[in-house]
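# A look at the structure
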Amino acid sequence: ANGTLVNGQRIEEAQLQPGDVVSLGQARLTLVELAVSGGASPLAQTGQATVMQAASAPRPVKTAGKSRRLILVAGLSALAIAILIAAVSLLGTGRDQTPPPAETPTATSAAPSSSPAPPSTTVTNTTTPSPSTTGRSPQAPAPPASASQAASHLQSGQTYYEAGHLNDAAQEFRRALELDPSLQAAQIKLARVEREIIQQAEDAFRLGLQNFNYLNYETAIQQWLRVLNLVPDPQHPLHQKTADYLAQARAKLGR
């Protein structure tokens, strides 16, 4: 991956000669041909480079290049194995030298030797039942009665809403909020019901006005009575406007 250099030149394949320097990353290997007597080269004795010694016994000239190539491959394999062994050794040493976790000082070691901590404290802490085994923490208070009643009103309001009784549903949701103001479900449902009530009241008011203009006073009166039923608050603007039109329709119908 890093490339192979011979005498500083990047190569794919090359024939090595005695004295050639092969660079593999940070490692440098020098090919040295020794004498027949086996005397080591001065370069091998200095330790400044990794030396691969190639036997200089008489060989056929045709196989000299191939033998040197095999020696180079063997040397590179040995170097890789040595580097791997060194890395594993360093990793193992690092794990062995990891300092043990510092011991947390206990109550008995911090206290004077003459008055050790009572053992009953440790027993109490270790025998405290966990929520997973009991299902509920012993310290958790029981839900208040108001919360239970609020949930009941919330369910009743949902039943009225599904049946189409919007005013009754709104009343139940308001009772739930009076008992538990933090009940978010009741807040959401009440806001939705109030929007639907106003929408239906406005639709009924428009139908009543349309029938009033066509002189259908009885139908107009029925629609406006529905508006007053949906919006019973006499201070509401829609209620007041509907009451005025209702009085006019009844007057015209009496004529």
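Just so we're clear, the structure is a prediction, and the values are computed from it rather than from any experiment. The numbering scheme is per chain: residues are counted from 1 as the chain's sequence reads. The predicted origin of the model limits local features to residues at a pLDDT of at least 70 and limits the giving and counting of side-chain atom pairs to 80 or more, whereas totals for whole chains, interfaces and linings rest on all residues. Values reported for side chains reflect all heavy atoms of the structure, with hydrogen atoms and water molecules removed beforehand.

With that settled, consider the packing of helix H8 (residues 184-213) against helix H9 (residues 217-230). For helices, the fitted axis covers only the stretch in contact; all axes are lines through C-alpha atoms, and the angles between them, taken along N-to-C directions, range from 0 to 180 degrees. A helix here means a DSSP run of H or I that spans at least four residues, while a strand means a run of E at least two residues long, and both kinds are numbered starting from the N terminus. Axis separation between H8 and H9 bottoms out at 8 Å; the angle between their running directions is 160 degrees. Classified by the interaxial angle, the pair formed by H8 and H9 is roughly antiparallel. Read as a crossing pair, H8 and H9 show a hand that is left-handed. Here Ile197, Gln200, Ala201, Ala204, Phe205, Leu207, Gly208, Leu209, Asn211 and Phe212 of H8 lie close against H9, whose contacting residues are Tyr217, Thr219, Ala220, Gln223, Trp224, Arg226, Val227 and Leu230. Basically, the charged four are Asp, Glu, Lys and Arg, the nonpolar ten are Ala, Val, Leu, Ile, Met, Phe, Trp, Tyr, Cys and Pro, and anything else, Gly included, counts as polar. Of the residues belonging to the contact of H8 with H9, the class tally is 12 nonpolar, five polar and one charged. Angle categories are assigned with fixed cut-offs, so that under 35 degrees is roughly parallel, over 145 is roughly antiparallel, 65 to 115 is roughly perpendicular, and the rest are oblique. For any pair of crossing helices, the crossing counts as left-handed if the nearer helix is rotated counterclockwise from the farther one by less than a right angle, and right-handed if it is rotated clockwise. Two residues qualify as a contact provided that any one of their heavy atoms is within 4.5 Å of a heavy atom in the partner residue.

With that settled, consider the pairing of strand E4 (residues 27-33). For E4, a buried count of five out of seven residues is recorded, marking the element as mostly surrounded by other parts of the structure. The sheet contact formed by strand E3 (residues 21-24) and E4 spans four bridges and is antiparallel. Bridge assignment links Leu24 to a residue of E4, and that residue is Ala27. We call two strands paired when DSSP finds no fewer than two bridges between them. The turn joining E3 and E4, which pair antiparallel and follow one another in sequence, is formed by two residues; a positive phi near 65 degrees is taken by Gly25. Using a 1.4 Å probe on the protein chains alone, a residue whose accessible area is under 20% of its type maximum counts as buried, one over 50% counts as exposed, and one in between counts as partly exposed.

With that out of the way, let us pick up unusual backbone geometry. Even without being a glycine, Asn7 presents a positive backbone phi close to 55 degrees. With respect to the helices, strands and loops of the structure, Asn7 is situated in the loop between strand E1 (4-6) and strand E2 (9-11). At Leu215, a residue that is not glycine, the phi angle is positive and equals roughly 70 degrees. Position of Leu215 relative to the elements: it lies in the loop between H8 and H9. By relative accessible area, Leu215 is classed as exposed at 57%.

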